[in-house]
Amino acid sequence: TQLLEQSPQFLSIQEGENLTVYCNSSSVFSSLQWYRQEPGEGPVLLVTVVTGGEVKKLKRLTFQFGDARKDSSLHITAAQPGDTGLYLCAGSIIQGAQKLVFGQGTRLTINP
Amino acid sequence: GAVVSQHPSRVICKSGTSVKIECRSLDFQATTMFWYRQFPKKSLMLMATSNEGSKATYEQGVEKDKFLINHASLTLSTLTVTSAHPEDSSFYICSADRGPDTQYFGPGTRLTVL
């Protein structure tokens, strides 16, 4: 049973288009992180959201944490080829707990 | 951001040998580090939690005698894959905990067992 369901798992779009990646669970998370991973490298932390309803922006990336803290989304505006990579959501179920639960990942390809 | 290093980045070994992978937090101290395994085109799978000065906590299904973890200092954790076999070939990634809701990942180690 996957605790964090990420969708879509694969996405290939043209440069300039917008996209949204979803991360859903039936469990409540004390916090949720989004990472981006390039091939052959470790994940790089993009953002952490901790408050229900929280919205954070990182240039063309907008991250949202659901009001009930069970889901999150990543929206990319005007995608560029440099956005290509594996996007991972990960969350902590227990507040203060260090162990992270990872989603399956979304492999994003932006075509020039 | 914080820096976590791994060494080696790539290793190829013969079946039956043991391989040690190091994970270092370069600019902060980490009481807790984590070891993950990642299969091609898949997400990260937590193998164990490494605690400085105490025994590691292994996830269900991970053999502790196969994957030895030592966290001897606040900046170094090591994972030793003992008697490696081809099925142990994978991408191993460590992370270091830097406080609430914050983990920084190393660049990973590609292990190939022939």
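Residues numbered from 1 in each chain as written. Chains lettered and ligands numbered in written order. Predicted model: local features only at pLDDT ≥ 70, side-chain atom pairs only at ≥ 80, totals over all residues. Heavy atoms only, no water.

In this structure, the second largest pocket occupies an estimated 220 Å³ of space. In terms of lining residues, the second largest pocket is bounded by 14 residues, among which Pro39, Gly40 and Arg107 of chain A together with Lys41 and Arg110 of chain B are the most central. The residue inventory of the lining of the second largest pocket, partitioned by class, reads five nonpolar, three polar and six charged. (1 Å grid on protein atoms, 1.4 Å probe; cavity = no way out; pocket = protein on both sides within 12 Å on 5 of 7 lines; lining within 4 Å. Points joined across faces, edges and corners; volume = space filled by probe spheres on them. Nonpolar A, V, L, I, M, F, W, Y, C, P; charged D, E, K, R; others polar.)

Time to look at the state of the cysteines. Residues and elements named next belong to chain A. Taken as a whole and assessed by the stated rule, the structure comprises two disulfides over all chains. There is a disulfide in this structure between cysteine 23 and cysteine 89, and the S-S distance comes to 2.0 Å. Here cysteine 23 and cysteine 89 share a disulfide; its torsion about the S-S bond, 70°, makes the bridge right-handed. Of the two residues, cysteine 23 is situated in strand E3 (residues 19-24) and cysteine 89 in strand E9 (residues 85-92); the sequence distance between them amounts to 66 residues. (Disulfide = S-S within 2.5 Å. Helix = DSSP H or I, 4+ residues; strand = E, 2+ residues; numbered from the N terminus.)

Before going further, it helps to examine unusual backbone geometry. Residues and elements named next belong to chain A. Residues serine 7 and proline 8 are joined by a peptide bond in cis, for which omega reads -10°. Here proline 8 is to be found in the loop between strand E1 (5-7) and strand E2 (10-14). One non-glycine residue, arginine 69, lies in the positive phi region at around 60°. Judged by relative accessible area, which is 30%, arginine 69 ranks as partly exposed. Even without being glycine, alanine 78 reaches a positive phi, approximately 50°. The topology assignment puts alanine 78 in the loop between strand E8 (71-76) and E9. A residue is classified by how much of its surface remains accessible, and alanine 78, at 31% relative accessible area, is partly exposed. (Buried < 20%, exposed > 50% of the residue type's maximum accessible area, 1.4 Å probe, protein only.)

Residue and element names in this part refer to chain B. A complete count under the given rule lists six salt bridges over all chains for this structure. Its salt-bridge partner being arginine 24, residue glutamate 22 comes within 3.5 Å of it at the nearest N-O pair. On the basis of relative accessibility, which here comes to 23%, the residue glutamate 22 falls in the partly exposed class. Between lysine 66 and aspartate 88 there is a salt bridge whose closest N-O contact spans 2.7 Å. Taken together, the positions of lysine 66 in the loop between strand E6 (57-58) and strand E7 (67-73) and aspartate 88 in the loop between strand E8 (76-81) and strand E9 (90-97) put the pair 22 residues apart, joining distant regions of the chain. Among the residues examined, aspartate 88 registers a relative accessible area of 5% and is labelled buried. (Salt bridge = Lys/Arg side-chain N within 4 Å of Asp/Glu carboxyl O.)

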